[in-house]
Amino acid sequence: MRHHLYNPKFEFVVEPMSFNKYTDRELLQYCLGATMYMPGFKDFTPKILNNSMPGLTTIVLCFEDACPEEKVSEAMENVHHLLATVTAAVENGTLESEKVPLIFVRIRNLAQFKAFGEKLTKQEIKSLCGVNFPKFNAENGYEYYAYLQYLNERFGEILYGMPIIEDPVVAYKESRMTELMGIKKILDKYKKLVLQVRVGGTDFSSVFGVRRGVDYSLYDIMCVRECLSDIINVCGRNNDYVISGPVWEYFRAPKELMFEKLPDHGLEDYLIRRKPLVNNEIDGLLREVILDKANGFVGRTVIHPTHVKFVNALMAVTKEEYDDACQIIGTSGGVVKGSGGNKMNEIRPHTNWAKKVYNRARAFGVIENEGAYVKLFAVNE
């Protein structure tokens, strides 16, 4: 799998790297990008076999919120079938392995996780990258990861876990830090099995009875912003864990995105100053992804296929950022002038930033400048 295959003619300064579930975790954790959730009972197998969504690199088949309780058994059967069919197609040569997205399941609870896990086969697990743990907290987290470790040992395979921090006890100010420190202890114990930390902006909003409108960012909602800030503070120190951004709920992307004329100015000039670019729904998504990057998030959850290329395009790194990152990583200490001659690169305090940018560049590629973001996503699939 590789990012931006929906736009094969785009010329990168540095091409994005290929990846699969067996890619080294240090890189793979940056590669998920736009991670699309869909109900587990929906048959997504034909779309994978036909490569009908070349821009989609990561999917989550959900047994929880997106799946009514009465359909959980049907969903599990569907996912078992999908995994077995995809593996068989790769093994018999009818599907190229590099065109298989990273596939995860979002379990409902520990009992359902074990019911699903007990029916997993060696064939199925080859196409399964990992498991998302909803409402992850300091009480259920150990059991989730203990069973995940058991599955890894049972099959001699790699299955990652991705906690979703969205529990009300994290939303409540008086319990948040104690809970987050408890979660961090679990993650540190099972660090090799933690691929990303995910966050639930909709669940946090629900606790406070708020919902951001299409013209607002989640970072404008103070109580939710504080939750996200503290998660970054605890789990994002020294790049300990890659943390992905929460879902954007609005979509109205036209099937054809034809720009009569590409914008003359940088992307942020349009979005931050609220000049119309695509439409309200997509502009809002792009604006929030820019703020994600500014705050240290990498990738995000998406619930609509039209969001995928916009999120992944904005994860690409500009040449100036990349050159600065390489300069910082390759310099032993002190202070040097940035590659663009317009900034100070102070080696020690900028190293964590540089490592994150460098890994994003490996995953999503390097583009010439900010104007190239639009050229990357402004194509029809």
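Because the structure is predicted, anything quoted here is derived from the model rather than measured.

Draft legend 1. Fine view of the UniProt feature "binding site: substrate" (unreviewed entry) in the chain. Here the UniProt feature "binding site: substrate" (unreviewed entry) sits at R106 and E174. Separation in sequence by 69 residues is matched in space for these annotated residues, since their most distant C-alpha atoms are 28.5 Å apart. Turning to its location among the elements, R106 is positioned in strand β3 (residues 102-106). Filtering out sequence-adjacent residues up to four positions away, R106 remains in contact with Y37, V60, L61, C62, F63, E64, D65, N132, P134, K135, I164 and E166. Within the structure, the side chain of R106 is placed 2.5 Å from the side chain of E64, a separation counted as a polar contact.

Draft legend 2. Summary view of the nonpolar core. Ranked by size, the top nonpolar core spans 115 residues in total, and within it F113, Y145 and F377 carry the most contacts. The greatest single-element share of this core, amounting to 8 residues, is contributed by helix α3 (residues 72-91). Among the nonpolar cores identified, the runner-up in size contains 9 residues, and V317, A325, I328 and V366 belong to it.

Draft legend 3. Broad picture of unusual backbone geometry. Phi is positive for H4, which is not a glycine, with a value near 70 degrees. Structurally, H4 can be placed in the segment before α1 (25-28). The phi dihedral of N239 falls on the positive side, at around 55 degrees, and the residue is not glycine. With respect to the helices and strands, the residue N239 is situated in the loop between α10 (222-235) and α11 (267-272).

Draft legend 4. Local environment of the UniProt feature "binding site: Mg(2+)" (unreviewed entry) in the chain. In this structure's numbering, the residues bearing the UniProt feature "binding site: Mg(2+)" (unreviewed entry) are E174 and D203. Inspection of the secondary structure assignment puts E174 in helix α8 (residues 173-189). Residue position: D203 is located in helix α9 (residues 201-207). Residues contacting D203, with those up to four places away along its chain left out, are D65, K135 and E166.

Draft legend 5. Geometry of the sheet that holds strand β1 (residues 34-39). In space, the 7 strands of this open sheet follow the order β6-β5-β4-β3-β2-β1-β7, with parallel pairing throughout. Every other strand in the sheet has two partners, leaving β6 (198-199) and β7 (300-302) as the edge strands with one partner each. The sheet contact formed by strand β2 (residues 58-62) and β3 spans 5 bridges and is parallel. Residue T58 lies in a different strand from β3, and its bridge partner there is L102.

Draft legend 6. Expanded view of α8. Taking 1.5 Å per residue, 17 residues should reach 24 Å; α8 reaches 25 Å between its end C-alpha atoms and fits that length. Of all the positions in α8, only S175, R176, E179, L180, G182, I183, K184, I186 and L187 are classed as buried. Contacts from the buried residues of α8 go to α6 (141-155), β5 (160-165), α7 (168-171) and α10.

Draft legend 7. Summary view of the packing of aromatic side chains. Here the structure, examined in full by the defined rule, presents 15 aromatic pairs. For the pair F10 and F12, a centre-to-centre distance of 4.8 Å together with 70 degrees between the ring planes defines the contact as edge-to-face. Of the two residues, F10 and F12, both sit in the buried class. With a centroid separation of 5.9 Å and 80 degrees between ring planes, the pair formed by F136 and Y145 is classed as edge-to-face. No difference in accessibility class separates F136 from Y145, as the two residues are buried. Ring-pair connections join several aromatic residues into one group, and the members of that group are F113, F133, F136, Y144, Y145, Y147, Y150 and Y190. Sitting over the ring of F41, K71 keeps its end group 4.3 Å from the ring centre. The ring centre of Y241 lies 5.2 Å from the NZ or CZ of K191, which sits over that ring.

Draft legend 8. Inspection of the pairing of β2 at higher detail. Across the 5 residues of β2, 5 count as buried, placing the element largely inside the fold. Side chains of β2 alternate between two faces, with T58, V60 and C62 and I59 and L61 buried alike. Two strands pair when backbone bridges link them, and β1 and β2 are joined in this way by 5 bridges, in the parallel orientation. When the sheet's bridge partners are listed, P39 is paired in β2 with C62. For the handedness criterion, the β-α-β arrangement of β2, α3 and β3 is classed as right-handed.

Draft legend 9. Inspection of the packing of α6 against α8 at higher detail. Orientation of α6 relative to α8, taken along the N-to-C sense of each, is 10 degrees, at an axis distance of 10 Å. Between α6 and α8, the angle falls in the class roughly parallel. Crossing geometry of α6 relative to α8 is assigned as right-handed. Contacts between α6 and α8 involve G141, Y142 and Y145 from the former and K185, I186, L187 and K189 from the latter. In terms of residue class, the contact of α6 with α8 is made up of 4 nonpolar, 1 polar and 2 charged.

Draft legend 10. Structural detail: the pairing of β5. β5 sits mainly inside the fold: 6 of its 6 residues count as buried. Side chains Y160, M162 and I164 project from β5 onto one buried face, and the interleaved G161, P163 and I165 project onto a second face that is buried too. Where strand β4 (residues 130-133) meets β5, 4 bridges bridge the pair, whose relative direction is parallel. What sits directly across from G130, in β5, is Y160.

Draft legend 11. Expanded view of the pattern of salt bridges. A full pass over the atoms with the stated rule returns 24 salt bridges. Here D65 makes a salt bridge to R106, at a shortest N to O gap of 3.4 Å. Pair noted here: D65 is in the loop between β2 and α3 and R106 is in strand β3, with a separation of 41 residues, a long-range link. When the shortest N-O distance is used, the salt bridge between E288 and R300 registers 3.1 Å. Taken as a pair, E288 in helix α12 (residues 280-295) and R300 in strand β7 lie far apart in primary sequence, 12 residues in all.

Criteria and thresholds
Residues numbered from 1 in each chain as written. Predicted model: local features only at pLDDT ≥ 70, side-chain atom pairs only at ≥ 80, totals over all residues. Heavy atoms only, no water. UniProt positions renumbered as here; feature names shortened; annotations may be inferred. Helix = DSSP H or I, 4+ residues; strand = E, 2+ residues; numbered from the N terminus. Contact = heavy atoms within 4.5 Å. Polar contact = N/O pair within 3.5 Å; in protein donor to acceptor, adjacent residues only side chain to side chain. Core = buried A, V, L, I, M, F, W, Y, C linked by side-chain atoms within 4.5 Å. Buried < 20%, exposed > 50% of the residue type's maximum accessible area, 1.4 Å probe, protein only. Pairing = 2+ DSSP bridges. Expected span 1.5 Å × (residues − 1). Phe/Tyr/Trp six-rings, centres within 6.5 Å; stacked < 30°, edge-to-face > 60°. Lys NZ or Arg CZ within 6 Å of the ring centre and 35° of its normal. Right-handed = clockwise from strand over helix to strand, strands pointing away. Axes fitted to C-alpha atoms, helices over the stretch in contact; angles between N-to-C directions. Parallel < 35°, antiparallel > 145°, perpendicular 65-115°, else oblique. Left-handed = near helix turned anticlockwise from the far one by under 90°. Nonpolar A, V, L, I, M, F, W, Y, C, P; charged D, E, K, R; others polar. Salt bridge = Lys/Arg side-chain N within 4 Å of Asp/Glu carboxyl O.

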